[in-house]
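Observations on chain architecture
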Amino acid sequence: MARYVYDFQDGGRDLAGLLGGKGANLAEMTRLGLPVPPGFIVTTEACRTFLATGEEPEGLWADVSGHLSRLERTAGRRLGQADDPLLVSVRSGARFSMPGMMETVLDIGLNDASVHGLARVSGDERFAWDSYRRLVQMYGTTVMGVPQGRFDEAMTRLKEARGAPDDLHLDASDLARLVETYQRLILDETGRDFPRSPAAQLRAAVLAVFRSWNAGRARLYRRREHIPDDLGTAVTVQRMVFGNLGPDSGSGVAFTRDPATGRPGLYGDYLPNAQGEDVVSGARDAVPLAELERLDPVSYRRLRDHAQTLERHYRDLCDIEFTIERGTLWMLQTRVGKRTAEAAFAIAAELVREGLVSPDEGLARVSGDGLVRLMFPRFDASATREALARGVPASPGAAVGAVVFDSAEAVRRAAGGQDVILVREETTPDDLPGMVAARAVLTGRGGKTSHAAVVARGMGKVCVCGARDITVDARARRFTTRGGAVVEEGTVVSVDGSAGAVYPGSVPLVESATMRYLNRGEQGDSTVSAVARALEHADSVRRLEVRANADTPEDARRARRFGAQGIGLCRTEHMFLGERRKLVEEMILARTDAERRRALAALLPLQRRDFTDILEAMDGLPVTIRLLDPPLHEFLPDRTDLAVRVATAEATGRRPDAHDAELLDAVKRTHEENPMLGLRGVRLGLVVPGLVAMQVRAVAEAVAERTRAGGSPRAEVMVPLVGAVEELRLARAEVARVLAEVAEETGVTVRCPVGTMIELPRAALTAGRIAKEAEFFSFGTNDLTQTTWGFSRDDVEAAFFPAYLDKGVFAASPFETLDRDGVGRLVRIAVEEGRAARPELETGVCGEHGGDPESIHFFHAVGLDYVSCSPFRVPVARLEAGRAAVTGVDPGDSR
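For the structure given in this document, a descriptive report is provided here. The structure displayed is predicted, hence computed values, not measured ones.

With that settled, consider the overall build of the protein chain. A count of helical and extended segments in the protein chain gives 37 helices and 31 strands. Relative to its length of 895 residues, the protein chain is compact, with a C-alpha radius of gyration of 33 Å against a globular reference of 29 Å. Seen through its C-alpha atoms, the protein chain measures out along the principal axes to roughly 105 × 65 × 55 Å. Burial status across the protein chain gives 56% buried among its 895 residues. Of the contacts formed within the protein chain by residues at least 6 apart in sequence, a portion of 69% connects residues at least 24 apart. Carbon together with sulfur atoms contributes 48% to the accessible area of the protein chain, which is approximately 35,400 Å² in total.

Quick look at the sheet that holds strand 31 (residues 866-869) now. Hydrogen bonding along the main chain pairs the strands of a sheet, whether they run parallel or antiparallel. Taken in spatial order, the eight strands line up as 24-25-26-27-28-29-30-31 and close into a barrel, and their pairing is parallel. Shown here is a sheet whose adjacent strand axes are inclined to one another by a mean of 30°, direction ignored.

This part takes up unusual backbone geometry. One non-glycine residue with positive phi stands out, namely His226, at about 55°. By secondary structure assignment, the location of His226 is in the loop between helix 9 (216-225) and strand 5 (233-239). Overall, the relative accessible area of 35% leaves His226 in the partly exposed class. The phi dihedral of Asn273 falls on the positive side, at around 50°, and the residue is not glycine. Within the fold, Asn273 resides in the loop between strand 7 (264-272) and helix 10 (276-281).

What follows covers helix 34 (residues 823-837). Taking 1.5 Å of rise per residue, the 15 residues of helix 34 would be expected to cover 21 Å, and the 21 Å separating its terminal C-alpha atoms lies within 8% of that figure. Residues of helix 34 that are buried sit in contact with helix 29 (761-765), helix 30 (767-770), strand 29 (776-779), helix 31 (781-789), strand 30 (842-845) and helix 35 (853-862).

Across the sheet, five strands lie side by side as 8-7-6-9-10; this open sheet has antiparallel pairing. Single-partner strands in this sheet number two, and they are strand 8 (287-288) and strand 10 (328-336). Strand direction decides the pairing type here: strand 7 and strand 8, joined by two bridges, are antiparallel. Across the sheet, residue Asp269 finds its bridge partner in strand 8, namely Pro288. Along the sheet, helix 12 (residues 297-314) makes contact with strand 6 (250-257), strand 7, strand 9 (318-325) and strand 10, crossing strand 10 at roughly 25°.

Moving on to the nonpolar core. Counting residues in hydrophobic clusters, the biggest one holds 118 residues, and the most contacted among them are Phe345, Phe777 and Phe779. Ignoring sequence-local partners within four residues, the contact set of Phe779 consists of Ile758, Val827, Ala830, Val831, Thr843, Gly844, Val845, Cys846, Gly847 and Leu864. Counting residues in hydrophobic clusters, the runner-up holds 60 residues, among them Tyr4, Ala46, Leu110 and Leu245.

This brings us to the pattern of salt bridges. Using the criterion set out here, one finds 69 salt bridges in the structure. Two residues, Arg294 and Glu291, come together in a salt bridge whose shortest N-O distance is 2.5 Å. Here the residue Arg294 and the residue Glu291 both occupy positions in helix 11 (residues 290-295), the gap between them amounting to three residues, near one helical turn. Classification of Arg294 by relative accessible area gives exposed; the value is 58%. Taking relative accessible area as the criterion, Glu291 reaches 26% and is therefore assigned partly exposed. The residue Asp406 makes a salt bridge to Arg477 at a minimum N-O spacing of 2.5 Å. In this pair, Asp406 is assigned in the loop between strand 14 (398-404) and helix 16 (407-415) and Arg477 in the loop between strand 18 (470-473) and strand 19 (478-481), connecting sequence segments 71 residues apart. The class of Arg477 is partly exposed, set by a relative accessible area of 25%.

Further remarks concern the side chain of Glu103. Locating Glu103 in the fold gives a position in the loop between strand 3 (88-94) and strand 4 (104-108). With relative accessibility at 17%, the residue Glu103 sits in the buried group. Within the structure, Glu103 has its side chain in polar contact with the side chain of Thr142 (distance 3.3 Å).

Take the packing of helix 5 (residues 125-142) against helix 8 (residues 198-212) next. Taken N-terminus to C-terminus, the directions of helix 5 and helix 8 make an angle of 45°; their axes are 10 Å apart at the nearest point. In terms of axis orientation, helix 5 runs oblique to helix 8. Crossing handedness for the pair helix 5 and helix 8: left-handed. Together, Leu135, Tyr139 and Thr142 of helix 5 and Ala200, Gln201, Ala204 and Ala208 of helix 8 make up the contact between the two elements. Residue classes in the contact of helix 5 with helix 8 are distributed as five nonpolar, two polar and no charged.

Here we come to the side chain of Thr323. Relative to the helices and strands, Thr323 is located in strand 9. For Thr323, a relative accessible area of 1% gives the class buried. A polar contact of 3.0 Å, which involves the side chain of Thr323, links it to the side chain of Ser251. Once residues lying within four places of it in the same chain are set aside, the contact partners of Thr323 are Val241, Phe242, Gly243, Gly250, Ser251, Thr328, Leu329, Trp330 and Leu332.

What follows deals with the environment of Ala208. Position of Ala208 among the secondary structure elements: in helix 8. Apart from the residues lying within four places of it in its own chain, the contact partners of Ala208 are Thr142 and Val143.

In terms of burial, strand 26 (residues 622-626) is largely enclosed, as five of its five residues are buried. Across the two faces of strand 26 the burial is the same, with Pro622, Thr624 and Arg626 and Val623 and Ile625 all buried. Both strand 25 (residues 567-571) and strand 26 contribute to a ladder of three bridges, which runs parallel. Bridged to Ile567 within strand 26 is Val623. Here strand 26 runs beside strand 27 (residues 714-719); their pairing, made up of five bridges, is parallel. Bridge pairing links Val623 to Ala715 in strand 27.

What counts as what
- Residues numbered from 1 in each chain as written.
- Predicted model: local features only at pLDDT ≥ 70, side-chain atom pairs only at ≥ 80, totals over all residues.
- Heavy atoms only, no water.
- Helix = DSSP H or I, 4+ residues; strand = E, 2+ residues; numbered from the N terminus.
- Rg over C-alpha atoms; globule rule 2.2 N^0.38 Å.
- Buried < 20%, exposed > 50% of the residue type's maximum accessible area, 1.4 Å probe, protein only.
- Contact = heavy atoms within 4.5 Å.
- Areas by Shrake-Rupley, 256 points an atom, 1.4 Å probe, with all protein chains shown as cover.
- Pairing = 2+ DSSP bridges.
- Axes fitted to C-alpha atoms, helices over the stretch in contact; angles between N-to-C directions.
- Expected span 1.5 Å × (residues − 1).
- Core = buried A, V, L, I, M, F, W, Y, C linked by side-chain atoms within 4.5 Å.
- Salt bridge = Lys/Arg side-chain N within 4 Å of Asp/Glu carboxyl O.
- Polar contact = N/O pair within 3.5 Å; in protein donor to acceptor, adjacent residues only side chain to side chain.
- Parallel < 35°, antiparallel > 145°, perpendicular 65-115°, else oblique.
- Left-handed = near helix turned anticlockwise from the far one by under 90°.
- Nonpolar A, V, L, I, M, F, W, Y, C, P; charged D, E, K, R; others polar.

Here it is as structure tokens:
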């Protein structure tokens, strides 16, 4: 029979997949000898079985009961016994941290009898009734499905009746009445009584935590964080310790370094006379952790020592939850802490400097997504105005948007294309959809360890918490500042998560310090230095080259500044736009070969100048020039506009403009029902006489010109949309003929490798044959994705992708992150068969996936030689290529 339950002393952090992150780390702290209340863990395997069958796994409850009996013997008390009850907490704990997304129930074991025993043993009647009301409220919400708002309303009514500013000012009799109110509320809402049996409470709570794995907010969080849906959650059952026993008790959250900046030292929040959920929820304002040193210096020193032990052991920033029960410190949780992008780079650099991790490990702990966040613009300090409010800088960055006051409105407006700022008194896990939709989050209460702060940091979302200068009135849909300003819903504000400030209106943005370094080499603060060191190490270890997609000399120069090692895709069609479109029109409208040759001859010097300038900008580095790819109709005016102009002239008795009529005829002649699968790419070059020759001549003459000027041009010619080796053979023969002509005319040897884009499934499946004619493959993963899935990207992304993402058909858009099972398999086949036919075959990717962090790891794993992406993604690709080399882990497979 499967083993479904483990005591803390039987586990460790290496069992996170089975015991969940929380349970594995509690077991690890127990093994380290830290003060951890005893308990046991119900495994993720039990959860998966329950979710798959709808029933408890066979033998589960007997296993739980056996471990509970051992816990009772250790404690010398039974669960819920009337005179001196053992109480336990039931908490979720998935393999990957999902803060606040699943359920927790505290104080299990209390009932109408044992509450009096707890009062006698503790000597504090108020504490006993406060613990009981917490249980009834949590159990009612988590297990019995009563809306949290109903309990909040009852609490608010009682505080108003007593004139109490918060729950601390309610006495024991008030809380006893509140318990009765909560119990009646549960009966009214569900038709069932709150259970008085401790065993029934425990059993139902465990199953409720299992069910919470599939709660809407948990599924949304997993989709955003790319966590698989089939992992399940473990459940930790642990003896309760109490932070709400008086002024010598309390709860807090600590970080071994500042999670916002990465600065060393103990950071966090502490709340005297409170339980842990009071700190995280932000329901009461905590004090900085440094205040604990004054309130309880002994506990503070012990916490500091334990934090140092954990950071040395985990060799990383640790996030710690703790409780002090009448002067005794208990460690309730630790995990590798979520952090901002700034903190990630700073901490990695510092840990490398301290010798705790190697440079390779330091590189593995930062990410391309984090670097992107550091590249985002910041507010212009010279343009900022007087702040509306200030709070805790919980997650850095700059965001501008319209104020909204609930999650649903944030989602609605964001879906309509509006940038929004979600404003809440405090956030709850149910606010997750609005937090995802918003550009920034602003709360009136809470600190760096509140729910809003932790989730926002994990998502890279701008966040300011604990803005005490504002009073949030969600019902009236406005907030009021201490200075008297009223900010209504829809008002635009600017939120600076780095400074913890909120400004009226839209504040102008400027380049970030990281972008100034990448763009111009300007040295900046410690974060910039950490980024520089990470990129330098990535460049020293990566195998993949990083090139850029660039069509102009300006883009080429920018890409080179960002560290590009060449151009992997130069799109020649972009050179035919603007004023040059007329010359393309003339080529299309040509009725004779002579007319077509004149049009092509007019385009030749323009193309040559473009190529010459780009080769100069990339001197000494490869420049892969793709021959004309899109269908010709894209260079002609809109069919409907032309038809309307011609029809209007005819209807009014005027002769239609001759050029319009001629263009309309050409548009009709070239019209295709599905142009993206029609006359384009290599097909166009084989059908339109002289087109390939003109483009190749422009390339060859540019190479000759740069060579005579003392340069080192490295042009490559890429033939697009090849599906059969015969197509490439014909095109390559034309390329060779023109190169030979130019070499003879100029006296310069022109060497231009010829390759093809692999962007059709047939090309991938016949790569062995195609490689005999191709010197390189470049995977056009945008079109390869379209043709593999049968998607028209322009249509499907708006039509049904949101539904597909919501239903879990795919975890991320296949146009953003490579579909490794389908498209990725075609890439792997093409690489293997292509190199079997031509061992020296160079392979790369030039689709948008070349700049996607997760996809880059896949391209490293399948053995590509380079990735090519937009110039602004080049630093990201450099970093991720280095990470792929040192981790050897494909993140798409790691979970």
